[in-house]
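Notes for the structure review
Here is what each chain is made of, one letter per residue.
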Amino acid sequence: MKINIPPQQADSSFAALNFDNCFVRELPADPESSNQLRQVHGACYSRVNPTPVVAPQRVAFALEVAELLDLESTACESEEFSQIFSGNRLLPGMDPYSTCYGGHQFGNWAGQLGDGRAINLGEIINQQGERWALQLKGAGPTPYSRRADGLAVLRSSVREFLCSEAMYHLGVPTTRALSLLLTGEQVTRDMFYDGHPQQEPGAVVCRVAPSFTRFGNFQIFTWRNEIDLLRQLTDYTIRTDFPHLGEPSRAVYLQWFEEICRRTAEMIVHWMRVGFVHGVMNTDNMSILGLTIDYGPYGWLENYDPDWTPNTTDAQGGRYRFGHQPQIALWNLVQLANAIYPLIEQAEPLEAVLQLYNDHYQQGWREMMAQKLGLKKFETTTDLLLTAELEKILQLVETDMTIFYRKLADLVPTDNHDDNNLLVPLLDAYYQPEELTRKHRDQINDWLRSYLKRVARDGVSTAARRQRMNSVNPKYVLRNYLAQLAIDKAEAGDHSLVNDLLEVMRQPYAEQPENEEFSLKRPEWARHRAGCSMLSCSS
Ligand code: AMP
Ligand code: MG
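Residues numbered from 1 in each chain as written. Chains lettered and ligands numbered in written order. Predicted model: local features only at pLDDT ≥ 70, side-chain atom pairs only at ≥ 80, totals over all residues. Heavy atoms only, no water.

**What about the environment of Q57?**
- Structurally, Q57 can be placed in strand β2 (residues 57–61).
- For the pair formed by Q57 and S86, sequence separation is 29 residues and the distance between their alpha carbons is 8.5 Å.
- Not counting residues within four places of it along the chain, the set of residues in contact with Q57 comprises L180, L181, L182 and H495. (Helix = DSSP H or I, 4+ residues; strand = E, 2+ residues; numbered from the N terminus. Contact = heavy atoms within 4.5 Å.)

Encoded structure:
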């Protein structure tokens, strides 16, 4: 039975939202407020209204995110919710705007980019006193839309919505997603830029984060020599998002930059832990808070291949391939250092901080690997070799990274050093076990023996080790083909799999016997299917 909520009830929960639009209040605005394309000088943002849509329809919402905003599920199920978060209705207190930013795309400076299809509705202070910015993605053109339409399709919106929440529950710093709505309108997209445009259902996601500020928001001002604006945005960001650093000063700018380097390193360590490939690590897609942001042609490693990228646009160069992400993050931080240089006017201290990124990353990576392997701590003398050898055996034949680590937790140290069947419990992780030659098996068994010896040296019980490993090695990740199955169904009008996957991804480390099917390795049909192994920026 469907219970209709009286409109007053829904009204009151939205009316209680406490808007405090600090960004627009404290930073300079573009005097013009139309969505006409333009170069915006002397401003951090432009006021712009979402474009109304014909027939908003809710596909899904994330209750935990609603709760951050003090909204209950009844409010999220209301018609008013769909009207608000599709951009059709503004609430009192909302003051919509798009921000101006630049960025390096694939290593080249691209000039002004900006929120081309993102419109911030405002910032909410919740009952805990936390600040949350609400942002619609796909709500129509802005001054920054360049040659595009400001819209988003269902396919990419399902991917953004589900992955934001999957990452959050995996413990990876990320922007969140409140809602996924259909607009009731069609959008034209040429998915692989190969002259085959198609009509696809339009959609809007409402993203939620303390701030959506990117490296590119700072870069644009330095590039334009608008140093006053650079300082204003930096001071604002420090006061609002890094208040523990104290009042802005030259020393505080350096501390701030160090914290950004540290947070970025931590984010990348998490990506490497769970097998996430962002796909478009341009500087305009790097959050100043170290959050994963802008879910486009991202992907999850199925077989462990450090050279893999899901993004067909990047297939040749592989700039953003899995194993290259730590270096690219550093490259991006160097660009940010260049952008804030005018505030510091000395290269050495910035270089010294950049050097710390490597230390943070190395340290974080070692701790993370020790956890993945269930070791008490990473011991350089033995574990550098152990992890280097692991890296090799994972690449002998197609090996599912997620399943491999999960199964590894089940192995029990034995006294039988001749055991050549150690590998048997891991066979599930291999895409084509028949490809494992005698030589491969020997190599893997050798590694497993040294691993189990190492584990025995720690003296931790198998049960305790398993528990430790299973708390950092997920059983459920948003496998590329799973998201695609949810998209296929949603495009046919059935939203159930989007909601089922959201539910499964809420507990990625738990055994969920009833959801075993979502933990299985990629089926053969998905190997070369568009959307499963190949994605593009067209979204
Ligand atoms: P990305 O690297 O895919 O996050 O986007 C690069 C730039 O293109 C950003 O400034 C986006 O806002 C903009 N952009 C991407 N898709 C669209 C679209 N459909 N309409 C307007 N701008 C877009
Ligand atoms: Mg982007």
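**So, the coordination of the magnesium ion (ligand 2)**
- The magnesium ion (ligand 2) binds to the protein through N285 (OD1) and D294 (OD); the donor distances cover 1.9 to 2.2 Å. Across the pair, D294 and N285 agree in class, each one buried. (Donors = N, O, S within 2.8 Å, 3.2 Å for Na, K, Ca; no water. Buried < 20%, exposed > 50% of the residue type's maximum accessible area, 1.4 Å probe, protein only.)

**With respect to the pattern of salt bridges**
- Overall, the coordinates contain 39 salt bridges when judged by the stated rule.
- The shortest N-O distance in the salt bridge between R263 and E259 comes to 2.7 Å. Residue R263 and its partner E259 are both found in helix α9 (residues 250–274); the two are separated by four residues, about one turn of the helix. As far as the burial class goes, R263 and E259 line up, both buried.
- Connected via shared salt-bridge partners are K137, E160, R207, R214 and D294. (Salt bridge = Lys/Arg side-chain N within 4 Å of Asp/Glu carboxyl O.)

**Observations regarding the site of ligand 1**
- Not every one of the 17 residues close to ligand 1 is listed here, only the nearest: G114, G116, R146, A148 and G150.
- Between ligand 1 and G150, the relevant distance is 2.7 Å, taken from a nitrogen atom to a main-chain nitrogen or oxygen of the residue.
- When ligand 1 sits alone it has 480 Å² of accessible area, and the protein chains cover 84% of it.
- Split by residue class, the shell around ligand 1 holds four nonpolar, six polar and seven charged. (Near = heavy atom within 4 Å. Polar contact = N/O pair within 3.5 Å; in protein donor to acceptor, adjacent residues only side chain to side chain. Areas by Shrake-Rupley, 256 points an atom, 1.4 Å probe, with all protein chains shown as cover. Nonpolar A, V, L, I, M, F, W, Y, C, P; charged D, E, K, R; others polar.)

**Brief notes about the packing of aromatic side chains**
- Enumeration over the complete set of coordinates arrives at 22 aromatic pairs.
- Consider the rings of F14 and F81, whose centres lie 6.4 Å apart with planes at 35°: the pair is tilted. Pair noted here: F14 is in helix α1 (residues 7–15) and F81 is in helix α5 (residues 79–85), with a separation of 67 residues, a long-range link.
- For the ring pair F23 and Y236, a centre distance of 5.6 Å and an interplane angle of 90° mean the geometry is edge-to-face. Of this pair, F23 sits in helix α2 (residues 22–26) while Y236 sits in helix α8 (residues 227–241), and the two are 213 residues apart along the sequence.
- Judged by its relative accessible area of 6%, F23 is buried.
- Judged by its relative accessible area of 7%, Y236 falls in the buried class.
- Here the aromatic cluster, defined as three or more aromatic residues joined through ring pairs, consists of W271, F276, Y295, Y298 and W300.
- Its end group placed over the ring of Y168, R176 keeps NZ or CZ at 3.4 Å from the ring centre. (Phe/Tyr/Trp six-rings, centres within 6.5 Å; stacked < 30°, edge-to-face > 60°. Lys NZ or Arg CZ within 6 Å of the ring centre and 35° of its normal.)

**Describing the domain arrangement of the protein**
- In terms of domain boundaries, the protein breaks down into domain 1 (12–212), domain 2 (217–371) and domain 3 (375–395 + 403–459).
- The straight-line distance from the C-alpha centre of domain 1 to that of domain 2 is 22 Å.
- Regarding the contact of domain 1 and domain 2, the summed buried area is about 3,600 Å², with carbon and sulfur atoms giving 60% of it.
- Our count for the domain 1 to domain 2 interface comes out at one salt bridge.
- Between D294 and R207 there is a salt bridge, and its shortest N-O distance comes to 2.8 Å.
- Sorting the residues of the side of domain 1 that touches domain 2 by element identifies α2, β4 (102–105), β5 (108–112), β7 (131–137), α6 (154–170) and β9 (198–209) as the ones contributing at least two each.
- Examining the composition of the side of domain 1 that touches domain 2, we find that six residues originate from one element, α6, more than from any other.
- Of the residues contributing to the side of domain 1 that touches domain 2, the split by class is 21 nonpolar, 16 polar and seven charged. (Domains from an automatic or database assignment. Buried area = accessible area lost by both parts, 1.4 Å probe.)

**A look at the packing of α9 against helix α11 (residues 347–372)**
- α11 packs onto α9 with a crossing angle of 30° between their chain directions and a minimal axis gap of 8 Å. One element, α9, and the other, α11, form an angle in the roughly parallel class. As α9 runs across α11, the sense of the crossing is right-handed. Taken together, the residues of α11 that come into contact with α9 (itself represented by R250, L254, F257, E258, C261, R262, T264, A265, I268, V269, M272 and R273) are P349, L350, V353, L354, L356, Y357, H360, Y361, G364, W365, M368 and K372.
- By residue class, the composition of the contact of α9 with α11 is 16 nonpolar, three polar and five charged. (Axes fitted to C-alpha atoms, helices over the stretch in contact; angles between N-to-C directions. Parallel < 35°, antiparallel > 145°, perpendicular 65-115°, else oblique. Left-handed = near helix turned anticlockwise from the far one by under 90°.)

**Side note on the packing of α9 against helix α10 (residues 325–344)**
- Relative to each other, α9 and α10 sit at 165°, their axes nearing to 11 Å. Considered as vectors, α9 and α10 are oriented roughly antiparallel to each other. Our pair here, α9 against α10, has a crossing hand that is right-handed. Taking contact as the criterion, the partners of R250, Y253, L254, W256, F257, I260, C261, T264, I268, W271 and M272 in α9 are, on α10, Q325, P326, A329, L333, L336, A337, I340, L343 and I344.

**A look at the environment of T292**
- Within the secondary structure, T292 sits in the loop between β10 (276–277) and β11 (299–300).
- The spacing of T292 and A265 is 27 residues in sequence and 12 Å in space, taken between C-alpha atoms.
- Ignoring any residue separated from it by four or fewer positions in sequence, one finds T292 in contact with M167, V172, P173, T174, T175, M267, W271, F276 and H278.
- A polar side-chain atom of T292 sits 3.0 Å from a polar atom in the side chain of W271.

**Re helix α7 (residues 215–223)**
- Judged by how many residues are buried, α7 sits mostly within the fold: seven of nine residues are covered.
- Residues of α7 that are buried make contact with β3 (97–99), β4, β5, α8, α9 and α10.

**Here's the deal with α8**
- End to end, α8 covers 21 Å across 15 residues, agreeing with the expected 21 Å (1.5 Å per residue, within 8%).
- Along α8, the residues that are buried comprise L229, L230, L233, T234, D235, Y236, T237, I238 and D241.
- Those residues of α8 that are buried are in contact with α2, β6 (118–125), α7, α9 and α10. (Expected span 1.5 Å × (residues − 1).)

**Description of the pairing of β6**
- Counting buried positions along β6 yields eight of eight residues, so the element is predominantly enclosed.
- Here β6 folds back onto β7, and the loop between the two strands holds five residues, one of which, G129, carries a positive phi near 85°. (Pairing = 2+ DSSP bridges.)

**Looking at the side chain of E200**
- Looking at the secondary structure, you find E200 in strand β9.
- Within polar-contact distance, the side chain of E200 engages the side chain of R155 at 2.9 Å.
- Setting aside anything within four residues of it in sequence, one finds E200 in contact with V153, R155, E185, Q186, V187, R189 and E491.

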